[in-house]
Amino acid sequence: MADMEYELTEHGTVHIADEVVQIIAGLATSEVDGVAGMSGSFAGGLTESLTGRKNLGKGVRVEFTENDRSCVIDISVVLQFGVNIPDTSYQIQERVKSSVESMTGLKVASVNVQIVGIVFQSDKERAVDADSFERVERSPQL
């Protein structure tokens, strides 16, 4: 993947690395309710586990078109069980498009969302939810 380059002013050019757009899109996606995580490649997961740093661009692929300063973004996500998939996908598309366009000045031609998995609530999370529910039920009413 090549970086996007365009002339901003008479003072010079601007280079936007594809990793920058990947991180912006990944952060915007993770902010949508119902998104459990991003799905990346095996190599990206291995690098993340070895370095101990979270890969914010995981599961995002960016393709630039040189002539009109636009890009196409492909996102692979894992959703939580029970969410409305079309609504959540639409929210991802809207959030990514607005974030990338406002931060970079690039036009986002399309945001393609691929649902690669569903995550169920674990027994541990159910126990925590039940515990917090019991505390609310037992609290005195004013």
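Residues numbered from 1 in each chain as written. Predicted model: local features only at pLDDT ≥ 70, side-chain atom pairs only at ≥ 80, totals over all residues. Heavy atoms only, no water.

As annotated in an unreviewed UniProt entry, the chain carries the name Asp23/Gls24 family envelope stress response protein and comes from Alicyclobacillus fastidiosus. Within the UniProt record for the chain, the comment given under Sequence similarities (unreviewed entry) is "Belongs to the asp23 family." (UniProt positions renumbered as here; feature names shortened; annotations may be inferred.)

Chemist: Which parts of the structure should I look at to understand the overall build of the chain?
Modeler: Scanning the chain for helices and strands turns up four helices and six strands. Of the regular secondary structure in the chain, the N- to C-terminal order runs β-β-α-β-α-β-β-α-β-α. Burial status across the chain gives 28% buried among its 142 residues. Contacts in the chain between residues far apart in sequence, at least 24 positions, make up 67% of those at least 6 positions apart. Looking at the chain as shown, the accessible area adds up to about 9,500 Å², and 53% of this sits on carbon and sulfur atoms. (Helix = DSSP H or I, 4+ residues; strand = E, 2+ residues; numbered from the N terminus. Buried < 20%, exposed > 50% of the residue type's maximum accessible area, 1.4 Å probe, protein only. Contact = heavy atoms within 4.5 Å. Areas by Shrake-Rupley, 256 points an atom, 1.4 Å probe, with all protein chains shown as cover.)

Chemist: What is the right way to read the confidence of the model for the chain from this model?
Modeler: The predicted structure's coordinates, where accompanied by low pLDDT, should not be read in detail. Chain-level pLDDT for the chain is 79 on average; 68% of the residues reach the 70-or-more range. At the level of individual helices and strands, the chain shows its lowest average pLDDT in helix H2 (residues 42–51), which scores 47, and its highest in helix H3 (residues 85–104), which scores 96. Counted against residues more than four places away or in other chains, residues 41–49, with its pLDDT under 50, gives four contacts. (pLDDT = per-residue confidence, 0-100.)

Chemist: How do you make sense of the nonpolar core when you look at a structure like this?
Modeler: Soluble globular proteins: nonpolar side chains tend toward being buried together. Among the nonpolar cores identified, the biggest contains 22 residues, and Val21, Ile73, Ile75, Val96 and Val100 are the most heavily contacted of them. Those elements that place two or more of their residues in this core are helix H1 (18–30), strand S3 (35–38), strand S4 (60–65), strand S5 (70–80), H3 and strand S6 (107–119). Top contributing element to this core by residue count: S5, with five residues. Apart from the residues within four sequence positions on either side, Val21 is in contact with Ile16, Val62, Phe64, Ile73, Val100, Thr104 and Leu106. (Core = buried A, V, L, I, M, F, W, Y, C linked by side-chain atoms within 4.5 Å.)

Chemist: Please explain the packing of aromatic side chains as it appears in this structure.
Modeler: Two measures describe an aromatic ring pair: the distance that separates the ring centres and the angle between the ring planes. Throughout the structure, instances matching the rule amount to one aromatic pair. Ring centres of Phe81 and Phe120 lie 4.9 Å apart, and the angle between their planes is 35°; this geometry places the pair in the tilted category. Highlighted residues: Phe81 in the loop between S5 and H3 and Phe120 in the loop between S6 and helix H4 (123–138), separated in sequence by 39 residues. For the pair Phe81 and Phe120, a shared accessibility class is recorded, and that class is exposed. (Phe/Tyr/Trp six-rings, centres within 6.5 Å; stacked < 30°, edge-to-face > 60°.)

Chemist: It is not clear to me how the side chain of Ser89 should be interpreted in this structure. Could you clarify?
Modeler: Secondary-structure assignment places Ser89 in helix H3. Given a relative accessible area of 14%, Ser89 falls into the buried group. Within polar-contact distance, the side chain of Ser89 engages the backbone oxygen of Ile85 at 2.9 Å. Excluding residues that lie within four positions of it along the chain, Ser89 makes contacts with Val113 and Ile115. (Polar contact = N/O pair within 3.5 Å; in protein donor to acceptor, adjacent residues only side chain to side chain.)

Chemist: Any chance you could explain a nonpolar patch on the surface here in plain terms?
Modeler: The grouping of Phe81, Ile85, Ile118 and Phe120 at the surface amounts to a nonpolar patch, some 420 Å² of accessible area in total. For Phe81, a relative accessible area of 58% corresponds to the exposed category. (Patch = residues over 30% accessible without salt bridge, like charges linked within 9 Å, V, L, I, M, F, W, Y side chains within 5 Å. Salt bridge = Lys/Arg side-chain N within 4 Å of Asp/Glu carboxyl O.)

Chemist: Even after reading the chapter, I still don't get the pairing of S4, so can you show me in this structure?
Modeler: The side chains of a regular strand alternate between both faces of the sheet. Going residue by residue along S4, you find Val60, Val62 and Phe64 tucked away on one face and Arg61, Glu63 and Thr65 left uncovered on the opposite face. Direction of pairing for S4 relative to S5: antiparallel, over a ladder of six bridges. Residue pairing for S5: Arg61 is matched across the bridge by Asp74. Linking S4 back to S5 in an antiparallel pair, the connection comprises four residues, with Arg69 at a positive phi of about 50°. (Pairing = 2+ DSSP bridges.)

Chemist: Explain the pattern of salt bridges here, please?
Modeler: Side-chain pairing between opposite charges can occur once the charged atoms of the two side chains come close. Tallied over the full model, the rule gives four salt bridges. Arg61 is the partner of Glu63 in a salt bridge, and the nearest nitrogen-oxygen pair spans 3.5 Å. Residue Arg61 is classed as partly exposed on the basis of its relative accessible area, which comes to 41%. One salt bridge in this structure joins Lys97 and Glu101, with 2.8 Å as the shortest N-O distance.

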